[in-house]
Protein chains: 2
Amino acid sequence: MKLLEDRIRRDGTVKPGDVLKVDSFINHQMDVELFEQMAKEFRRLFADRPINKILTIEASGIGIACIVAREFHVPVVFAKKSQSINLDGESYTTKVESFTHKRVYDVIVSKKYLNPEDHILIIDDFMANGCAVEGLIDLIHEAGATVEGVGIAIEKGFQRGGQKIRSQGIRVESLAIVDSMNAETGEIVFRDQPNQS
Amino acid sequence: MKLLEDRIRRDGTVKPGDVLKVDSFINHQMDVELFEQMAKEFRRLFADRPINKILTIEASGIGIACIVAREFHVPVVFAKKSQSINLDGESYTTKVESFTHKRVYDVIVSKKYLNPEDHILIIDDFMANGCAVEGLIDLIHEAGATVEGVGIAIEKGFQRGGQKIRSQGIRVESLAIVDSMNAETGEIVFRDQPNQS
């Protein structure tokens, strides 16, 4: 999505260690008008899918997920990160390793909010190694629900997440895929995506 | 706001220990169409204030804050909870005690996203003892910015948060104020608010 790529070029910062900082408009301060344009693009890209629910994971995915949900006229469920779950049998749970925080989280969703008849679009702000998305897919499979697709704002195309999820036959649409970036020059190379606006 | 009170009566559950569960539509599964109606009501209630930014705190405030921000055409900043901050001088920080989790968090916002010229509306899903809102007010004061008001979805009117914040001269609008609730009968008594729809 050209609008998002241009914004990343303008306001994103490449830091050493393959870090792309976009906290002025995506994941600390949030540009909700940009989110609306992104939501319309996700709506267009997944128009053929019978989506009845958005699933995301706290915290920074929630904002985009809500604006996307508004566009699809469906509710959002957000999975909770926890380091101390009560395994009371009332939740679906899985484990996710965080790339940013170098830590393993339990990720949980109440059984009440994922059902076998759900057709779910996963939304998140970032995908790198894909562990968070894999965790959400696990939860959807535990519930016997259907993954209709994965919508990501920014994918790090040089990490293995996108390849891993797509090779499972799951449709992934990332509005910007960074194929390479250079912390010294600040240069960012995006993957060409002819199907996107 | 009658729409929200009716929804709480229908889908909320009163649990022992003054717990009101609204996780089917507010803070686990999120009814974004309800959030839109709430956002319009906040817009009406704060129409006279020159608001240029919404501030909330992760995680469950983010969804409502984004839908409210869309209505006001302003960005959202969410404060991050952390138990291990790098005090690098680049963030405003304060401490918040969580009623739900019986724990003290560091709460941080990057200095880049709160400025003296900001006129801020604080948005959160719940207010009980008011500690989270007090923490956000601290951060705004650290930045030299202006608190234009506080918009809360559900206030527990029998706890001291609302009284504490209002007595500082800060305008607080809670779309539903629970004055009492009974875990045995499930009865919920809302405060009459003639200024609200």
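Above: the structure in question.
Cut-off values and rules
Residues numbered from 1 in each chain as written. Chains lettered and ligands numbered in written order. Predicted model: local features only at pLDDT ≥ 70, side-chain atom pairs only at ≥ 80, totals over all residues. Least-squares fit on C-alpha atoms with pLDDT ≥ 70 in both. Contact = placed C-beta atoms within 7 Å. Axes fitted to C-alpha atoms, helices over the stretch in contact; angles between N-to-C directions. Helix = DSSP H or I, 4+ residues; strand = E, 2+ residues; numbered from the N terminus. Parallel < 35°, antiparallel > 145°, perpendicular 65-115°, else oblique. Left-handed = near helix turned anticlockwise from the far one by under 90°. Nonpolar A, V, L, I, M, F, W, Y, C, P; charged D, E, K, R; others polar. Expected span 1.5 Å × (residues − 1). Buried ≥ 20, exposed ≤ 12 C-beta atoms within 10 Å, placed from the backbone. Pairing = 2+ DSSP bridges. Arc of directions from axis to C-beta. Right-handed = clockwise from strand over helix to strand, strands pointing away.

Engineer: What exactly am I supposed to notice about the relation of the copies chain A and chain B here?
Structural biologist: One copy of the chain maps onto the second through a rotation around an axis plus a translation along that axis. After a rotation of 180° and a shift along the axis of 0.0 Å, chain A superposes on chain B with an RMSD of 0.0 Å. The operation mapping one copy onto its partner corresponds to a two-fold rotation axis. Of the interface residues in chain A, 96% have counterparts in chain B that sit at the interface too, so the contact is made through matching surfaces.

Engineer: Mind showing me how you'd approach the packing of helix 2 (residues 32–45) of chain A against helix 3 (residues 61–72) of chain A here?
Structural biologist: All names here are of chain A. Packing of helix 2 against helix 3 brings their axes to within 8 Å, and their N-to-C directions diverge by 50°. When the axis of helix 2 is compared with that of helix 3, the two are oblique. Where helix 2 crosses over helix 3, the two elements pack in a sense that is right-handed. Together, Val32, Phe35, Glu36, Met38, Ala39, Lys40, Phe42 and Arg43 of helix 2 and Gly63, Ile64, Ile67, Val68, Arg70, Glu71 and Phe72 of helix 3 make up the contact between the two elements. Looking at side-chain class alone, the contact of helix 2 with helix 3 contains nine nonpolar, one polar and five charged residues.

Engineer: Quick question: what am I supposed to make of helix 3 (residues 61–72) of chain B here?
Structural biologist: One full turn of an α-helix is made of 3.6 residues, so residues set three or four places apart face in the same direction. All names here are of chain B. For helix 3, spanning twelve residues, the distance from its first C-alpha to its last is 16 Å, which sits close to the expected 16 Å at 1.5 Å a residue. Here helix 3 has its buried residues at Gly61, Ile62, Gly63, Ile64, Ala65, Cys66, Ile67, Val68, Ala69, Arg70 and Phe72. Of the residues one or two after helix 3, His73 is the one with positive phi, at around 60°.

Engineer: Honestly, the interface of chain A and chain B in this entry has me stumped. Any pointers?
Structural biologist: By a widespread convention, an interface's size corresponds to the accessible area lost as its parts come together. Contacts between the two partners involve 24 residues from chain A, matched on the other side by 23 residues from chain B. Secondary structure elements with two or more residues in the side of chain A that touches chain B: strand 3 (29–30), helix 2, helix 3 and strand 5 (76–82) of chain A. Tallying contributions element by element places helix 3 of chain A first for the side of chain A that touches chain B, with six residues. Partitioned by chemical class, the residues of the side of chain A that touches chain B number 13 nonpolar, five polar and six charged. Taken together, the two bridges between strand 3 of chain A and strand 5 (residues 76–82) of chain B define a ladder with antiparallel strand orientation. Across the sheet, the residue bridging to A:Met30 is B:Val76, located in strand 5 of chain B.

Engineer: What am I meant to see in helix 1 (residues 2–11) of chain B here?
Structural biologist: All names here are of chain B. Within the span of helix 1, buried status applies to Leu4, Glu5 and Ile8. In an axial view of helix 1, the angular spread of the buried residues amounts to 100°, which keeps them on one side of the axis. Residues of helix 1 that are exposed and angled more than 90 degrees away from the buried face: Lys2, Asp6 and Arg10.

Engineer: Can you walk me through the environment of B:Ser24 in this structure?
Structural biologist: Locating B:Ser24 in the fold gives a position in the loop between strand 2 (19–21) and strand 3 (29–30). Residue classification places B:Ser24 among the buried positions, given that 20 C-beta atoms sit within 10 Å. Once you skip the residues sitting within four places of it in the chain, B:Ser24 turns out to touch A:Lys112, B:Asp11 and B:Gln29.

Engineer: Help me out: how do you make sense of the pairing of strand 4 (residues 53–57) of chain A in this one?
Structural biologist: Two faces, one strand: in a regular strand the side chains alternate between the faces of the sheet. All names here are of chain A. Within strand 4, five of the five residues are buried, which leaves the element mostly enclosed by the surrounding structure. Sheet topology places strand 4 next to strand 8 (residues 119–127); three bridges connect them, and they run parallel. The partner of Leu55 across the bridge, within strand 8, is Ile122. With four bridges connecting them, strand 4 and strand 5 associate as parallel partners. Considered in strand 5, the bridge of Leu55 is made with Val77. Handedness of the strand 4-helix 3-strand 5 crossover: right-handed.

Engineer: Please explain the pairing of strand 5 of chain A as it appears in this structure.
Structural biologist: Residues and elements named next belong to chain A. Of all the seven residues making up strand 5, five are buried; the element is thus mostly covered by neighbouring parts of the structure. The sheet contact formed by strand 5 and strand 7 (residues 103–110) spans three bridges and is antiparallel. When the sheet's bridge partners are listed, Lys81 is paired in strand 7 with Val107.

Engineer: What's the story with unusual backbone geometry in this structure? I'm lost.
Structural biologist: Peptide bonds are, in most cases, trans, and in most cases residues other than glycine have a negative phi. Look at the link from A:Glu58 to A:Ala59: it is a cis peptide, with omega at 0°. Within the secondary structure, A:Ala59 is located in the loop between strand 4 and helix 3. Even without a glycine there, the phi angle at B:Asp18 is positive, about 60°. The residue B:Asp18 is located in the loop between strand 1 (13–15) and strand 2 in this model. Even without being glycine, B:His73 reaches a positive phi, approximately 60°. Inspection of the secondary structure puts B:His73 in the loop between helix 3 and strand 5.

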